[in-house]
Structures are given as structure tokens and as C-alpha cells.
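Here are the chains, one letter per residue:
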Amino acid sequence: MKDITYAAMFLAVIAIIYAIIYTGTKSGRRTSAKGEYDERQDRIRGRGYRISFFAYMIEFAALMFIDGADLRLPLTDGAMYAIMFLIPICIFVVYCISKDAFVGVGNRINHFIALAAAVLVVSAASTIAQAARGEMIVDGKLTGACITPAYGLLFLVVLISLSVKNIQKKAEEGMADEES
């Protein structure tokens, strides 16, 4: 089991180094408006924040109902709160990506794709190590250790959304080149 833990830590270090090197070597290509959002993107992000806020409110109402009804769920409170915390974040990110408001002016979507892939690899390695140690399910309940695969799932959704958006942009650019 120690070998799996060391392998997971090794993969994490490699992924972090890759992300730092990749973003550092490509930073010279960015414009001076690095990381800034235009007015359209700011409005879209504001709507995304609103949607996420209401998702939080709905979730907290559901959690209050679950607590009040003494329902027995197959997960611990820590696992439930961790998963519920990630859902509105995922909603916000996917909404902004779909409306082309996630990547700021002057940034390249490929950097975000590489970062999401690196986090996904690290999360997968850590999940495998935790599952091998038997930390995910204790006494028939999903424990707080499920936060790692939950984050991995979040970044998988982000990676897929970014990749689809990147493919759409390339297709639009290809059609624009053919028309001119």
C-alpha cells in the first residue's frame, strides 16, 4: 500500500511541475489584458454567480430537511457537505464555459485544459491510494475521504466542458477562414 501512496505523491509532484512549467513557458504569448474580463463576460459571470447562489440556497434547504427528518443516508455528514459544496461550483464553471466567460481576455483555453487534466490525474492517483487503504467507505457509509474523487469528478466535468468549447472555437475559426 505504501507503494501506491508514493506513486500517487510522485504523480502529484510531476503534475504540479508540469502545470507550472507549461503555464510559465507560454506566458510570453499573452496580451497585456491577462486575466481580465470584458463587460459581456462580467455580466455572464454575474448571472453564473446568481445561479450558483440559488443552487446553494436550494441545497441548504434540502440539508435542513434531511437533518430535520432524521433520514439515514449512506454517507457521513462531512461527505454530504463536501459533495453539496461542489455542485454549485460545478454549475457556475460549466455555465461560464458554455457562455464563453470562463477564460479571461488574453488567456488561452489550452492552459486551463492542461491544468484541469493535471488536477484530474493527481485526484485519480490520490483516489486510488485512498481506496486501496479502505478509507472511502467505513461502516457502510461514504466518508469525508470522498472529497478527493468528488473534486476529480468536478475537474473531469470542467475538462470535458473546456475541451468541447475548444473544439467549437476551432470549428468556428475554421469556418470563418473558409468564408474569407
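Positive phi, normally seen in glycine, also occurs at D100, with a value near 60°. By the element assignment, D100 lies in the loop between helix 3 (77-98) and helix 4 (109-133). Given the relative accessible area of 26%, D100 is considered partly exposed. With phi around 55°, D139 is a residue other than glycine that occupies positive phi space. Counting through the fold element by element, D139 comes out in the loop between strand 1 (137-138) and strand 2 (141-142). Among the residues examined, D139 registers a relative accessible area of 78% and is labelled exposed.

On the surface, a cluster of negative charge is contributed by E172, E173, D177, E178 and E179. Mapped onto the secondary structure, E172 falls in helix 5 (residues 147-179). What makes E172 exposed here is its relative accessible area of 53%.

So, about the pattern of salt bridges. Tallied over the full model, the rule gives three salt bridges. For D100, the salt bridge goes to R40, with nearest N and O atoms at 3.9 Å. Taken together, the residues D100 in the loop between helix 3 and helix 4 and R40 in helix 2 (residues 39-69) connect sequence positions 60 residues apart. Residue R40 is classed as partly exposed on the basis of its relative accessible area of 33%. Where R133 meets E135, a salt bridge forms, and the shortest distance between an N and an O atom there is 2.8 Å. R133 sits in the partly exposed class, given a relative accessible area of 36%.

Its 22 residues give helix 3 an end-to-end C-alpha distance of 32 Å, which sits within 8% of 32 Å, the value for a rise of 1.5 Å per residue. Restricting attention to buried positions, one finds in helix 3 the residues A79, M80, A82, M84, L86, P88, C90, F92, V93, Y95, C96 and I97. D100 sits one or two positions beyond helix 3 and adopts a positive phi of about 60°.

Let's shift gears to the side chain of E59. One can find E59 in helix 2. Despite its burial, E59 remains without a salt bridge, the nearest opposite charge being carried by R50 at 17 Å.

One can describe the packing of helix 4 onto helix 5 by two numbers: an axis separation of 8 Å at closest approach and a directional angle of 155°. By the angle between their axes, helix 4 is roughly antiparallel relative to helix 5. Crossing of helix 4 over helix 5 shows left-handed handedness. Where helix 4 approaches helix 5, its residues I109, N110, F112, I113, A116, A117, V119, L120, S123, S126, T127 and Q130 are matched on the opposing element by T148, P149, Y151, G152, F155, L156, V158, L159, L162, S163, K165 and N166. For the contact of helix 4 with helix 5, the per-class residue count stands at 14 nonpolar, nine polar and one charged.

Together, F53, F54, M57 and F60 line one region of the surface with nonpolar side chains, adding up to about 410 Å² of accessible area. As for its position among the elements, F54 is in helix 2.

Residues F92, V93, C96, I97, F102, V103, I109, I113, A116, V158, L159 and L162 constitute the largest nonpolar core, which totals twelve residues. Those elements that place two or more of their residues in this core are helix 3, helix 4 and helix 5. The element that contributes the greatest number of residues to this core is helix 3, accounting for four residues. Beyond its immediate chain neighbours, meaning those up to four positions away, I109 contacts V103, L162, K165 and N166.

Analysis parameters
- Residues numbered from 1 in each chain as written.
- Predicted model: local features only at pLDDT ≥ 70, side-chain atom pairs only at ≥ 80, totals over all residues.
- Heavy atoms only, no water.
- Helix = DSSP H or I, 4+ residues; strand = E, 2+ residues; numbered from the N terminus.
- Buried < 20%, exposed > 50% of the residue type's maximum accessible area, 1.4 Å probe, protein only.
- Patch = residues over 30% accessible without salt bridge, like charges linked within 9 Å, V, L, I, M, F, W, Y side chains within 5 Å.
- Areas by Shrake-Rupley, 256 points an atom, 1.4 Å probe, with all protein chains shown as cover.
- Salt bridge = Lys/Arg side-chain N within 4 Å of Asp/Glu carboxyl O.
- Lys, Arg positive; Asp, Glu negative; His and termini not counted.
- Charge placed at Lys NZ, Arg CZ, Asp CG, Glu CD.
- Expected span 1.5 Å × (residues − 1).
- Axes fitted to C-alpha atoms, helices over the stretch in contact; angles between N-to-C directions.
- Parallel < 35°, antiparallel > 145°, perpendicular 65-115°, else oblique.
- Left-handed = near helix turned anticlockwise from the far one by under 90°.
- Contact = heavy atoms within 4.5 Å.
- Nonpolar A, V, L, I, M, F, W, Y, C, P; charged D, E, K, R; others polar.
- Core = buried A, V, L, I, M, F, W, Y, C linked by side-chain atoms within 4.5 Å.

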